[in-house]
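Listed here are the chains, written in short residue letters.
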Amino acid sequence: MEEKALIFSAPSGAGKTTIVGHLLTVFNTLEFSISACSRQKREGETNGKDYYFLSPEEFKCKIEKDEFVEWEEVYKDLYYGTLKSELNRIWAKGNTIVFDVDVLGGINLKKKLGDKALSVFVMPPSIEELKNRLEKRGTESPESLKKRIDRAVEEISKAPQFDIVIENDSLEKAFAESEKRVGEFLAGNEL
Ligand code: ADP
Ligand code: 5GP
């Protein structure tokens, strides 16, 4: 069985969770890689489904034990990472892994996985619209929103390091484009 992976990265609020959620309903061999993180659980999130929620101490202990494929302090004091056990869990079932990671994490995973992975950057129409979406989502405090917007400009400059860029202006078009590109990758005529 060929081991494959899809890596989705974008500035927070660009719409990658929405796009990934859609793709998971279209392709039944895709399986979401559940990351570990040390932030607080948001309303509606479930431990072991959205993330493995760990305390900062538990997270650091796993770093020391070399249990991560990649990890990062995405925001100050907030750690996120992909556990090696997660890759084994999904590939053992013959499924394709779907990563939803920050931009640096996406670049690092692509370096590790090479041709096994298609890396996708989800591009927001503008920083203004990114801010609108995050405000409407209603999940961030003003401070957290500012952190995410401040980071977005630098993240967008890294888009050319991804295999493909999907514009998320109209969600309908973004869904259609991502379905097409992922379909081609899974069929073996990627990139
Ligand atoms: P991310 O996972 O990149 O942080 P989300 O998928 O959570 O982003 O999307 C951020 C917010 O923007 C959500 O409330 C989502 O419903 C909304 N959204 C996503 N794509 C679009 C779009 N094309 N047009 C308008 N709103 C969108
Ligand atoms: P959120 O707090 O909005 O769920 O995620 C914040 C950021 O952390 C997002 O950009 C998300 O993609 C990223 N992220 C989630 N999991 C991982 C991971 O395992 N590794 C890295 N590097 N980033 C991650």
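Before any of the text, the structure's been laid out above.
Below or above, wherever it landed, is the structure these notes cover. (Residues numbered from 1 in each chain as written. Chains lettered and ligands numbered in written order. Predicted model: local features only at pLDDT ≥ 70, side-chain atom pairs only at ≥ 80, totals over all residues. Heavy atoms only, no water.)

## Things to note about the site of ligand 2
Neighbouring residues of ligand 2: 17 residues in total, closest Ser35, Arg39, Tyr51, Glu70 and Tyr80. Between ligand 2 and Arg42, the relevant distance is 2.9 Å, taken from an oxygen atom to a side-chain nitrogen or oxygen of the residue. Between ligand 2 and Glu70 there is a distance of 2.6 Å, counted from a nitrogen atom to a side-chain nitrogen or oxygen. Protein contacts shield 96% of the accessible area of ligand 2, which totals 510 Å² for the unbound molecule. Of all elements in the fold, only β5 (68-75) and β6 (78-83) reach the threshold of two or more residues within the shell around ligand 2. At four residues, the largest contribution of residues to the shell around ligand 2 is made by β5. For the shell around ligand 2, the residue count by class is five nonpolar, four polar and eight charged. (Near = heavy atom within 4 Å. Polar contact = N/O pair within 3.5 Å; in protein donor to acceptor, adjacent residues only side chain to side chain. Areas by Shrake-Rupley, 256 points an atom, 1.4 Å probe, with all protein chains shown as cover. Helix = DSSP H or I, 4+ residues; strand = E, 2+ residues; numbered from the N terminus. Nonpolar A, V, L, I, M, F, W, Y, C, P; charged D, E, K, R; others polar.)

## Topic: the environment of Ile34
Summarising the element assignment, Ile34 is placed in the loop between β2 (30-32) and β3 (35-37). Counting along the chain gives 66 residues from Ile34 to Asp100, while the straight-line C-alpha distance between them is 8.6 Å. Here Ile34 is in contact with Gly48, Lys49, Asp50, Tyr51, Tyr52, Glu86 and Arg89, once residues within four sequence places are set aside. (Contact = heavy atoms within 4.5 Å.)

## Examining the nonpolar core
Counting residues in hydrophobic clusters, the biggest one holds 24 residues, and the most contacted among them are Leu6, Phe8, Ile19 and Leu23. Those elements giving two or more residues to this core turn out to be β1 (5-9), α1 (16-26), β8 (117-123), α5 (127-137), α6 (142-156), β9 (164-167) and α7 (171-187). With residues up to four places along the chain from it excluded, the contact list for Ile19 reads Phe8, Val122, Asn168, Leu171, Ala174, Phe175 and Ser178. Within the second largest apolar cluster, 12 residues are counted, among which are Ile7, Trp91, Leu113 and Ala117. (Core = buried A, V, L, I, M, F, W, Y, C linked by side-chain atoms within 4.5 Å. Buried < 20%, exposed > 50% of the residue type's maximum accessible area, 1.4 Å probe, protein only.)

## Observations regarding the site of ligand 1
Close contacts around ligand 1 come from 13 residues, with Gly13, Thr17, Thr18, Arg137 and Asn168 the closest. Here Arg133 contributes a side-chain N or O atom positioned 3.3 Å from a nitrogen atom of ligand 1. Between ligand 1 and the protein, one listed contact pairs an oxygen atom with a side-chain N or O atom of Arg137 at 2.8 Å. Here ligand 1, which alone exposes 570 Å², has 75% of that area covered by the protein. Looking at the shell around ligand 1 element by element, the count peaks at three residues for α1. Across the shell around ligand 1, the residue classes tally to three nonpolar, six polar and four charged.

## Some words on the pattern of salt bridges
A complete count under the given rule lists 24 salt bridges for this structure. Glu31 is paired through a salt bridge with Arg89; the nearest N and O atoms lie 2.9 Å apart. Here Glu31 is found in strand β2, whereas its partner Arg89 is found in helix α3 (residues 84-92), with 58 residues between them in sequence. Given a relative accessible area of 30%, Arg89 falls into the partly exposed group. The salt bridge involving Asp150 is made with Lys146; its shortest N-O contact spans 2.8 Å. Taken together, the positions of Asp150 and Lys146, both in helix α6 and four residues apart, correspond to about one turn of that helix. Where salt bridges share partners, they join Arg39, Arg42, Glu45, Arg137, Glu140 and Arg148 into one cluster. (Salt bridge = Lys/Arg side-chain N within 4 Å of Asp/Glu carboxyl O.)

## A look at the state of the cysteines
Per the counting criterion, the structure on display carries zero disulfides. The closest cysteine sulfur to the non-disulfide-bonded Cys37 is located on Cys61, 17 Å from its own sulfur. Judged by its relative accessible area of 0%, Cys37 falls in the buried class. (Disulfide = S-S within 2.5 Å.)

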